[in-house]
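Chain by chain, the residues:
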Amino acid sequence: MLGLSKSDIRIFLLVVVLTIFAPFILNPFPEASGLAQFNAGYPDLMQRFVIFGIFAIGFNILFGLTGYLSFGHAAFLGVGSYAAIWMMKLLTMNVIPGIIMSVLIAGIFAVAVGYISLKRTGIYFSILTLAFAQMSFALAYSVLTPITGGETGLQPKISDPRMLDAALASGEAPRANLFGLEMGTSYELALSGWVFTFNVGYYVAAIVMIIALYIAIRIFRSPFGVMLRAVKSNQQRMRYTGLNPKPYTLAAFVISGMYAGLAGGLMVAMDTQVGPERMFWTASGEVVLMTILGGTGTIVGPILGAGLIKYMENILSKINADILYEWFAMLPDSIADILVFVIYPFIGKGWHLTLGIIFMCVVIFLPGGLVEGGQRIGNMFGRKKKTEGEKSSQPAE
Amino acid sequence: MSILEIKNVSKRFGGLKALDDVNISVKENTVHAIIGPNGAGKSTLLNVLVGKLIPDEGSVEFDGNSLIGRKPHEINQMGVSRVFQTPEIFGDMTVYENILIPLFAKRDGAFRLHCIEHVEDEKDIVEKAKKMLQDVNMYEKLGMRAASLSRGDKRRLEMAMCLSQEPRLLLLDEPTAGMARADTNNTIDLLREIRETRDITLAIIEHDMHVVFSLAEHVTVMARGTPLVDDKPENIKGHPKVQEAYLGGHKEG
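Predicted, not measured: the structure shown is a model, and the values here were computed from it.

**Concerning the overall build of chain A**
Alright, step 1. Regarding its fold elements, chain A presents 17 helices and four strands.
Alright, step 2. For 397 residues, the compact-globule estimate of 2.2 N^0.38 gives 21 Å, and chain A sits close to it at 23 Å.
Alright, step 3. When the backbone C-alpha atoms are referred to their principal axes, chain A occupies close to 70 × 60 × 40 Å.
Alright, step 4. Within chain A, counting contacts between residues at least 6 apart in sequence, those at least 24 apart form 73% of the total.
Alright, step 5. Accessible area for chain A stands at about 18,700 Å²; split by element, carbon and sulfur atoms hold 69% of it.
Alright, step 6. Both charge centroids of chain A, one from 26 positive and one from 21 negative side chains, sit 16 Å from each other.

**Things to note about the overall build of chain B**
Alright, step 1. Of the regular secondary structure elements, chain B holds nine helices and ten strands.
Alright, step 2. A globule of 253 residues ought to have a C-alpha radius of gyration of about 18 Å, and chain B, at 19 Å, matches this closely.
Alright, step 3. In terms of principal-axis extent, the alpha carbons of chain B reach across some 65 × 40 × 35 Å.
Alright, step 4. Residues counted as buried form 51% of the 253 residues belonging to chain B.
Alright, step 5. Excluding contacts between residues fewer than 6 apart, the proportion of contacts in chain B whose partners are at least 24 apart in sequence is 65%.
Alright, step 6. Counting 33 positive and 39 negative side-chain charges, chain B places the averaged centre of each group 2 Å from the other.

**Thoughts on the sheet that holds strand S5 (residues 65-66) of chain B**
Within a sheet, neighbouring strands are paired by backbone hydrogen bonds and run either parallel or antiparallel to one another.
Residue and element names in this part refer to chain B.
Alright, step 1. What the four strands build is an open sheet, ordered S2-S1-S4-S5; its pairing is antiparallel. Two strands lie at the open edges of the sheet, namely strand S2 (16-27) and S5, each paired on one side alone.
Alright, step 2. As judged from the eight bridges shared by strand S1 (residues 2-13) and S2, these two strands associate in the antiparallel manner. Looking at the pairing, Arg-12 lines up with Lys-17 of S2.

**Some thoughts on the sheet that holds strand S10 (residues 226-231) of chain B**
All names here are of chain B.
Alright, step 1. One open sheet accounts for six strands, arranged S6-S7-S8-S3-S9-S10; its pairing is mixed. Because the sheet does not close on itself, it has two edges, and the strands there are strand S6 (80-83) and S10. If you compare each strand with its neighbour and ignore which way they point, the axes differ by 20° on average.
Alright, step 2. Relative to strand S8 (residues 201-206), strand S3 (residues 31-35) is paired through five bridges, and the arrangement is parallel. Along S8, the bridge assignment pairs Ala-33 with Ile-204.
Alright, step 3. Across the sheet, helix H5 (residues 151-164) touches S6 and strand S7 (169-173), and the angle it forms with S6 is around 175°.

**With respect to the interface of chain A and chain B**
Alright, step 1. Each partner contributes to the interface: chain A provides 28 residues, whereas chain B provides 38 residues.
Alright, step 2. Where chain A abuts chain B, roughly 3,100 Å² becomes buried across the two surfaces, and 63% of that area is made up of carbon and sulfur atoms.
Alright, step 3. Considering only the surface of chain A that becomes buried against chain B, Pro-223, Arg-237 and Tyr-240 of chain A emerge as the three largest contributors, covering 24% of it.
Alright, step 4. A salt bridge links Arg-237 of chain A to Glu-158 of chain B, with the shortest nitrogen-to-oxygen separation between them at 2.7 Å.
Alright, step 5. When contributions to the side of chain A that touches chain B are tallied by element, the ones reaching two or more residues are helix H8 (200-221), helix H9 (223-233), helix H10 (235-239) and helix H11 (245-271) of chain A.
Alright, step 6. The element best represented in the side of chain A that touches chain B is H9 of chain A, accounting for seven residues.

**Let's talk about the domain arrangement of chain B**
How big an interface is tends to be stated in terms of the accessible area lost upon association of its parts.
Residues and elements named next belong to chain B.
Alright, step 1. Here chain B is partitioned into domain 1 (1-79 + 168-253) and domain 2 (90-166).
Alright, step 2. If you look at the interface, domain 1 gives 16 residues, while domain 2 gives twelve residues.
Alright, step 3. Together domain 1 and domain 2 conceal approximately 1,100 Å² of surface at their shared face, both sides included; 61% is due to carbon and sulfur atoms.
Alright, step 4. Among the residues domain 1 hides against domain 2, the three largest losses belong to Gln-77, Leu-190 and Arg-198. Together they make up 37% of the total.
Alright, step 5. Applying the counting criterion to the domain 1 and domain 2 interface returns zero salt bridges.
Alright, step 6. Counting the contacts that link domain 1 with domain 2 gives four residue pairs in polar contact (both at pLDDT 80 or more).
Alright, step 7. The element best represented in the side of domain 1 that touches domain 2 is helix H6 (residues 181-197), accounting for four residues.
Alright, step 8. Considering only residue class, the side of domain 1 that touches domain 2 consists of nine nonpolar, four polar and three charged.

**Some thoughts on the side chain of His-32 of chain B**
Alright, step 1. Positionally, His-32 of chain B belongs in strand S3.
Alright, step 2. Overall, His-32 of chain B belongs to the buried group, its relative accessible area being 1%.

**Let's talk about H8 of chain A**
Alright, step 1. Over its 22 residues, H8 of chain A extends 32 Å from the first C-alpha to the last, a length consistent with the 32 Å expected when each residue adds 1.5 Å.
Alright, step 2. Of all 22 residues that make up H8 of chain A, 16 are buried, and the element is covered over most of its length.

**Looking at the layout of surface pockets**
Residues and elements named next belong to chain A.
Alright, step 1. Of the voids in this model, the second largest pocket is the one considered here, and its volume is about 640 Å³.
Alright, step 2. Residue lining of the second largest pocket: 26 residues in total, with Phe-52, Ala-283, Glu-286, Lys-310 and Glu-313 positioned closest to the centre.
Alright, step 3. Of all elements in the fold, only helix H3 (43-66), H11, helix H12 (281-294), helix H13 (301-314) and helix H16 (351-365) reach the threshold of two or more residues within the lining of the second largest pocket.
Alright, step 4. In the lining of the second largest pocket, the residues fall into 13 nonpolar, five polar and eight charged.

**Concerning unusual backbone geometry**
Alright, step 1. In the Ramachandran plot, Ser-192 of chain A falls in the positive-phi region, its phi being about 25° despite a non-glycine side chain.
Alright, step 2. On the secondary structure map, Ser-192 of chain A appears in the loop between strand S3 (186-191) and strand S4 (194-199).
Alright, step 3. Here Asn-8 of chain B, not a glycine, exhibits a phi torsion of approximately 50°, which is positive.
Alright, step 4. Its location among the elements puts Asn-8 of chain B in strand S1.

**Considering the packing of aromatic side chains**
All names here are of chain A.
Alright, step 1. Tallying each qualifying case throughout the model produces 18 aromatic pairs over all chains.
Alright, step 2. Considering the side-chain rings of Phe-76 and Phe-253, the 5.6 Å spacing of their centres and the 85° angle between planes classify their relative orientation as edge-to-face. Of this pair, Phe-76 sits in helix H4 (residues 74-90) while Phe-253 sits in helix H11, and the two are 177 residues apart along the sequence.
Alright, step 3. In this structure Phe-76 comes out as buried when scored by relative accessible area, which is 1%.
Alright, step 4. Residue class for Phe-253 comes out buried when judged on its relative accessible area of 0%.
Alright, step 5. Ring centres of Phe-280 and Trp-281 lie 6.2 Å apart, and the angle between their planes is 45°; on these two criteria the pair is classed as tilted.
Alright, step 6. The exposure class of Trp-281 is partly exposed, given its relative accessible area of 40%.

Conventions and cut-offs
- Residues numbered from 1 in each chain as written.
- Chains lettered and ligands numbered in written order.
- Predicted model: local features only at pLDDT ≥ 70, side-chain atom pairs only at ≥ 80, totals over all residues.
- Heavy atoms only, no water.
- Helix = DSSP H or I, 4+ residues; strand = E, 2+ residues; numbered from the N terminus.
- Rg over C-alpha atoms; globule rule 2.2 N^0.38 Å.
- Contact = heavy atoms within 4.5 Å.
- Areas by Shrake-Rupley, 256 points an atom, 1.4 Å probe, with all protein chains shown as cover.
- Lys, Arg positive; Asp, Glu negative; His and termini not counted.
- Charge placed at Lys NZ, Arg CZ, Asp CG, Glu CD.
- Buried < 20%, exposed > 50% of the residue type's maximum accessible area, 1.4 Å probe, protein only.
- Pairing = 2+ DSSP bridges.
- Axes fitted to C-alpha atoms, helices over the stretch in contact; angles between N-to-C directions.
- Buried area = accessible area lost by both parts, 1.4 Å probe.
- Salt bridge = Lys/Arg side-chain N within 4 Å of Asp/Glu carboxyl O.
- Domains from an automatic or database assignment.
- Polar contact = N/O pair within 3.5 Å; in protein donor to acceptor, adjacent residues only side chain to side chain.
- Nonpolar A, V, L, I, M, F, W, Y, C, P; charged D, E, K, R; others polar.
- Expected span 1.5 Å × (residues − 1).
- 1 Å grid on protein atoms, 1.4 Å probe; cavity = no way out; pocket = protein on both sides within 12 Å on 5 of 7 lines; lining within 4 Å.
- Points joined across faces, edges and corners; volume = space filled by probe spheres on them.
- Phe/Tyr/Trp six-rings, centres within 6.5 Å; stacked < 30°, edge-to-face > 60°.

Take a look at the structure:
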């Protein structure tokens, strides 16, 4: 089906179903309950899940397949964002031209950065990409202010030309839309205590992510994907097999740059603003963490990693000492004090500490990321059934 | 007819003359061995042939086309394959994928962005890969990680990868180095079989005289960067110049 193998189609359909029903799945707690703060089913966060999912899927095509660790991928995200916002300023508030342009411009930028950075491998390649990203950040922040808006960034204004759109009525703000359907529109469904929000922007981004994931799976399973893994495995043998590794790595770099640009374009489609901090090196590092955390070189790993990091960034960081005291209200004060003292560093602004510990545990105990964790759990339950089948399918030594 | 023509090739590394006016002609569909003591310039010569090094002087022609200045992948695409001293394979990929890669390279050239088709939909390539694995008795190991193979199997896999491209010239760099006698004999049999069943020229760089005299139809003995003798193996054995090169002097009488 769809040109995918059985196991791939299963994973793909699972992602599709989870994405469609995300507003339900991410809101498991009733609105009034104390656990409602762990609900992640609000539009802004759901949009982040899928957009950073796209970013990580693309990054994985480069890092997971070829092993080239780019430390400057946020530059493409930023360039894509600027391209999209300019389309909104000059052409139309419809998100389609912006998204297309963000992919194209990021792709062109990736050709230039990749051509130079790929002259080196290993740590030198990483440093070169980092240098490019930091240069882009610094330029966007200072010299290129006329194009980037400098420190304050850019937003669509009422006075922008927007050649394809009808003039706005006075006092009306420009809103991102898809042929008139506004990204910010949400429908709320209240079901005895639960409130589920269905947001247009989220579903637009989710559809784009599903398409992006489908293309990534096709790339993984294609002869081109095999060649990219060959780059990671043995470039010497590749050359002596009549293959030129250079164009393969450059193609992978550009494709992943375009994915990053797409993510940047979608971000603008959702929040209609952009600033240079989007290109800062920590943003480049974040996508590396997402990919490794989820499972480098796996199909769904990067999406899982992106989801986990964005969840922690938005949910864990909201919990503060007062909320902790509320939780432990039934305990004696002294015990509550101790518990709060112990837990406090890991929540609120301390969420990075929790992330760091999780990251270390994954790298040490689950080098294959969360996907490997899932597989191990799956094996634990499925072992009894499988042992006999496995024995017969294992080739004799 | 000669398939490989090496003429007046010299290569210097600083003050060291690694190759000094080398002239070798390799005839088509033969096994040609290049032997010599350490430092004779055998490996340098091989690296010149595959495009890893560019000689200071001289010409190398393969089937009438110059190889000088061409990149390794271009030379491979012309029909020259290379087997390394320690097998170079795609270690963290499966045996099956190891065979697919050279087949794709042969059909699609040095680069092709075909990222939409599924590998398994490339019926002709898949069929050839499976046939090749059967030919070298590795079909049962198709799903194994190449790095987990035994050394002998790695060597065999590397040969299969090279042969799947149907090269006209196969260069072998000490294919039996570090092998036990039994493995060496297996390799000799494998190479003999390859030579007998295909239209192929083998150029072997070798230390082991046993291998050379079991296989070669023609032998070039090198020492200090120059070919000393170029003759049939039976004429090489007692040749005074060869004994001098290997033993530092030949016995009189």
